[in-house]
Every structure is written in structure tokens, then in C-alpha cells.
Amino acid sequence: MPTTSHDDALAPYDAVLLLSFGGPEAPDEVMPFLRRVTAGRDVPEDRLQEVATHYHHFGGRSPINDQNRELRAALEAEVARRGSTVPVLWGNRNSDPYVTDTLRAARAEGMLRICVVVTSAYSSYSGCRQYREDLAAATEGLGGAGVDLEIDKVRPYALHPGFVAVNTERLVEAVADVPAADLAAARLLFVTHSVPEAMDDTSGPGDGDGNLYVEQHLRVGHLIAQGLAARTGTTLEHELVFCSRSGSPRTPWLEPDVNDRIEELAAEGVSTVVVAPIGFVSDHMEVVNDLDREAQETADRVGVRMVRVPTAGTHPVFVETLVDLLQERAAEARDEVVVPARADQGDLRPSVCDPGCCPNLRAAKPALCGRD
Ligand SMILES: CC1=C(CCC(=O)O)c2cc3nc(cc4[nH]c(cc5[nH]c(cc1n2)c(C)c5CCC(=O)O)c(CCC(=O)O)c4C)C(CCC(=O)O)=C3C
Ligand SMILES: [Fe+2]
């Protein structure tokens, strides 16, 4: 039986769960993975075949699971460094280790109070509520047994000062080698996953104006650009662009696409673009394929120098930030007064989601960690 001592920084939790997307790790896992991801969704077959080729360029192995293995270990080390004995578990939505299996094993060992941190920093159906639905489905999948699990989640963390800080740090490091004159004339493109416009329109609290997905990215980007200016004295013109559009071509998704924008900037005479994928927390397939292969190819073709900024990954500032968020959530669970760390004075999403926030536009489904 786990016995988290009451003075442990992560009490009352028995375990932390790192919850992620998952990915294939061998060529024969690619199509089954893609079919699981897109089951019941409006993604045409030719898009699936195309995405399969992305994975096959990398031997049929996505980097995402190895990155999460490293992040899990780094989180566990940081938790231990802070004197906590709470273990860090890992589970995925779309590939082994499935979150249901992780929770079943945790429960068998008597770990009943679990704090979840997802590998997505922003508010949207795909990045927040869908993980909450995964948790509901996973506990339901444990049958009646699921009911004795108590699962909480840390808040969307894009606007935690540590997330802004780690992305600023990555950017400052990435541009260190760019000659000052080139840098001064460069454009800074913050990149994130495109989503259907309808998903952005409904992101955020149900009684809000929506568009919180884009708003959070704009705020994070603005703060990072300010941080770069403060650190280097260089103010870069910056904007938000999108990658990895999926879905039916008839459905509007967020634009502009990073490739289109690089072409336009080249036509305007821009010679250096700095591409910072702030929408992602590790250099997974969307980054190594859609940016390092495809966007790089576009940049090469139009004669633009492209500098790609690494994502947070296992940078110590990111690992510390996630553990700070876990401690914050634990204090909340102990009914202590918590002042959430924030990077600006804009909207801050809570750890318990509002009713109707970031809705599932296809079908209402049970979701944990919310008031609905
Ligand atoms: C907002 C968002 C994030 C960021 C937040 C988060 O991290 O959760 C994200 C992450 C990821 N998306 C990933 C992979 C895929 N996403 C797909 C499809 C889709 N993504 C969407 C959105 C997002 N996706 C949407 C609206 C769709 C359309 C289908 C649907 O409505 O759900 C498809 C289907 C094929 C295609 O691309 O068409 C794949 C294979 C991987 C794994 C990478 C790897 O293997 O290394 C990761 C981390
Ligand atoms: Fe995706």
C-alpha cells in the first residue's frame, strides 16, 4: 500500500500520471495507430496514407514515446529531489502503455489518488477535454472498480511563467549563432498545431467568447518575444502560424500554414525565419516531419534560412515547472490557499474545468476533472 506521508509536497496523491498522445514504435504499428487516432473523425483515407509516409520516413517509429520515457524519468527525479516519494506513472491515449492499463496497474498497487499532467499546455478540445474524456473512459474501462480512483489534473499551463521561460530560453539559445544583422531582419514564426476553426471558436470556458486556443498562443508568443528583446536587445517581428492541418479539405482549419507563410515572406524579401513550435512540448512527429522536413524543404526551395527552435523537452526549467504545477495542485487538493503562478494578467484556466468548456463538437462524453 502506498503511504504518502502527510508532509510530502505531493500529498494527498499516491501517484502522478504523465498522460500523452502516444505514437507507433514499429512500421506495422503505423496504420493501426492512425486508424485509432482518427476513428469516428472526419479524416479522409488519402490523408491517412500521406501521414503514414511521414512515420515511414522515420522507420515507422515516432519519437514521442521515447521523449515521454525521458520526461517521466526526469519528473520522477525532480519529485524525489524535492523529498517526495510519489512515483510518476505514464499512460497514452493512442498507444501502449494505454492509460487504462496504467491506471489498472496503479489501482492494483493501491494507488487511488492520482494527479495527472498532460503533454499539452493549451486549452482546446484536443489538448484538454479529450484527455479528460480519456481518463473517464479509462476508469469506466476498469468496470465498477474504477469508482474508487480519485483523479485530479493540473491546470492548462501555457501561461505559467515557467512555460514561457523555457520557451524563451530555447529561443535565445537557438538564435545565439545567427549573425546580429541577419537576426535583426529575421521574422519570428510561432508555430502550433492547426485545429478546425470550430474547435478554436469553442475553446475556453463555456460562458466565454471562445478562441482561447489562439489567444493563449498569442499571449505566450508575445511574452517570449518580449523576453528575447530583454535578453538580446533584438526585437523581432513575430506572428502565429500553423502546421499539421488534417481533416476534410472542406472544413476550415486555422491558417496561415507555416509553409505558405515562409513562401510569402520569401517573396517579401525576408531571408531568415526563426520557427518556434511553442504549441508542442517535445520534438515529436509534427516537429521533426512537418517542420524539420517539410517546412525546411519549403525554406530551402525559396532560399530562406530557417532556424528551428527546440521545444521544451526535458529542459530542467520545464521539468521544474511541471513539478511546481503538481505541487500547486496538491496544495489545492489539501484545501490550502493557492496563488497560481501566472505570466500575465489575462484569463487563467483553473485545474477543475468549467462546465461546457472546450466542448466535444461530435458527441457529449463523460469527462473527469471538471464540473460537468
Ligand atoms: C491540438 C492538437 C495537438 C496538440 C496537443 C496535444 O499534444 O495533444 C495534437 C498533438 C498531436 N497529434 C499527433 C498525431 C496526430 N494528430 C492527428 C489528427 C489531429 N490532431 C489534432 C489536434 C492536435 N493534435 C486534430 C484536431 C486532428 C484531427 C483529428 C481529430 O479531430 O482528432 C493525426 C491523424 C492523422 C492526421 O494528421 O491527419 C495524428 C497521427 C501527435 C503524435 C505525434 C507523434 O506521433 O510523434 C501529437 C502529439
Ligand atoms: Fe494531432
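Numbers given to residues run from 1 along each chain, matching the order in which its sequence is written. Each chain is given a letter, starting from A, and each ligand a number, starting from 1, according to the order in which they appear as written. The model is predicted, so local features are restricted to residues of pLDDT at least 70 and side-chain atom pairs to those at 80 or more, both for listing and for counting; the totals for chains, interfaces and linings are taken over all residues.

- If you look the chain up in an unreviewed UniProt entry, it shows as Coproporphyrin III ferrochelatase from Knoellia aerolata DSM 18566.
- UniProt positions are given in the numbering used here, feature names are shortened, and annotations may be inferred rather than shown by experiment. Here the chain is described in UniProt, under the heading Catalytic activity (unreviewed entry), as follows: "Fe-coproporphyrin III + 2 H(+) = coproporphyrin III + Fe(2+)".
- Under Subcellular location (unreviewed entry), UniProt gives the following word-for-word description of the chain: "Cytoplasm".

**A word on the sheet that holds strand E3 (residues 113-118)**
Part 1 of the reasoning: Read across the sheet, four strands follow the order E2-E1-E3-E4 without closing on themselves; strand pairing throughout is parallel. The two strands at the open ends of the sheet, each matched to only one other strand, are strand E2 (88-92) and strand E4 (150-153). The average angle at which neighbouring strand axes cross in this sheet is 30°, direction not considered.
Part 2 of the reasoning: Note that E3 and E4 share four bridges and pair parallel. Across the sheet, residue Cys-115 finds its bridge partner in E4, namely Asp-152. Strands were regarded as paired on the criterion that DSSP finds at least two bridges between them. Only runs of H or I of at least four residues qualify as helices and only runs of E of at least two qualify as strands under DSSP, and these elements are numbered from the N terminus. To get an axis, fit a line to the C-alpha atoms, keeping to the stretch in contact for a helix; angles then go from 0 to 180 degrees between the N-to-C directions.

**Description of the environment of Ala-229**
Part 1 of the reasoning: For Ala-229, the location among the structural elements is in helix H9 (residues 212-232).
Part 2 of the reasoning: In this scheme every C-beta is placed from the backbone, and a residue whose C-beta has 20 or more other C-beta atoms within 10 Å is buried, one with 12 or fewer is exposed, and one in between is partly exposed. The exposure class of Ala-229 is exposed, given the 12 C-beta atoms found within 10 Å.
Part 3 of the reasoning: Along the chain, Ala-229 and Gly-110 lie 119 residues apart, while their C-alpha atoms are 50 Å from each other.
Part 4 of the reasoning: Ignoring sequence-local partners within four residues, the contact set of Ala-229 consists of Thr-234 and Thr-235. Contacts here follow a simple rule: the backbone-placed C-beta atoms of the two residues must lie within 7 Å.

**Observations regarding the domain arrangement of the chain**
Part 1 of the reasoning: Taken domain by domain, the chain holds domain 1 (15-156 + 315-333) and domain 2 (161-308).
Part 2 of the reasoning: Once you take the C-alpha centre of each, domain 1 and domain 2 turn out to be 24 Å apart.
Part 3 of the reasoning: Each partner contributes residues to the interface: domain 1 has 26 residues there, and domain 2 has 27 residues.
Part 4 of the reasoning: Mapped by element, the contributors of at least two residues to the side of domain 1 that touches domain 2 are helix H2 (45-57), helix H3 (64-81), helix H5 (125-141) and helix H13 (316-333).
Part 5 of the reasoning: Sorting elements by how many residues they give to the side of domain 1 that touches domain 2 places H13 first, with five residues.
Part 6 of the reasoning: Three residue categories are used. Nonpolar comprises Ala, Val, Leu, Ile, Met, Phe, Trp, Tyr, Cys and Pro, charged comprises Asp, Glu, Lys and Arg, and polar comprises the others, including Gly. Taken together, the residues of the side of domain 1 that touches domain 2 break down into eleven nonpolar, eleven polar and four charged. Domain start and end points were adopted from an automatic or database domain assignment.

**Brief notes about the site of ligand 1**
Part 1 of the reasoning: Within the structure, ligand 1 sits among 25 residues, and Gly-23, Ser-62, Ser-246, His-284 and Met-285 are positioned closest to it.
Part 2 of the reasoning: Breaking the shell around ligand 1 down by element, the ones donating at least two residues are helix H1 (30-38), H2, H5 and helix H11 (285-288).
Part 3 of the reasoning: Here the shell around ligand 1 gets three residues from one element, more than from any other, and that element is H1.
Part 4 of the reasoning: Looking at the shell around ligand 1 residue by residue, the class counts come to nine nonpolar, 13 polar and three charged.
Part 5 of the reasoning: Two domains each put at least three residues into the shell around ligand 1: domain 1 (15-156 + 315-333) and domain 2 (161-308). All residues are tested the same way: a C-beta atom is placed from the backbone, and lying within 6 Å of a molecule or strand makes the residue near it.

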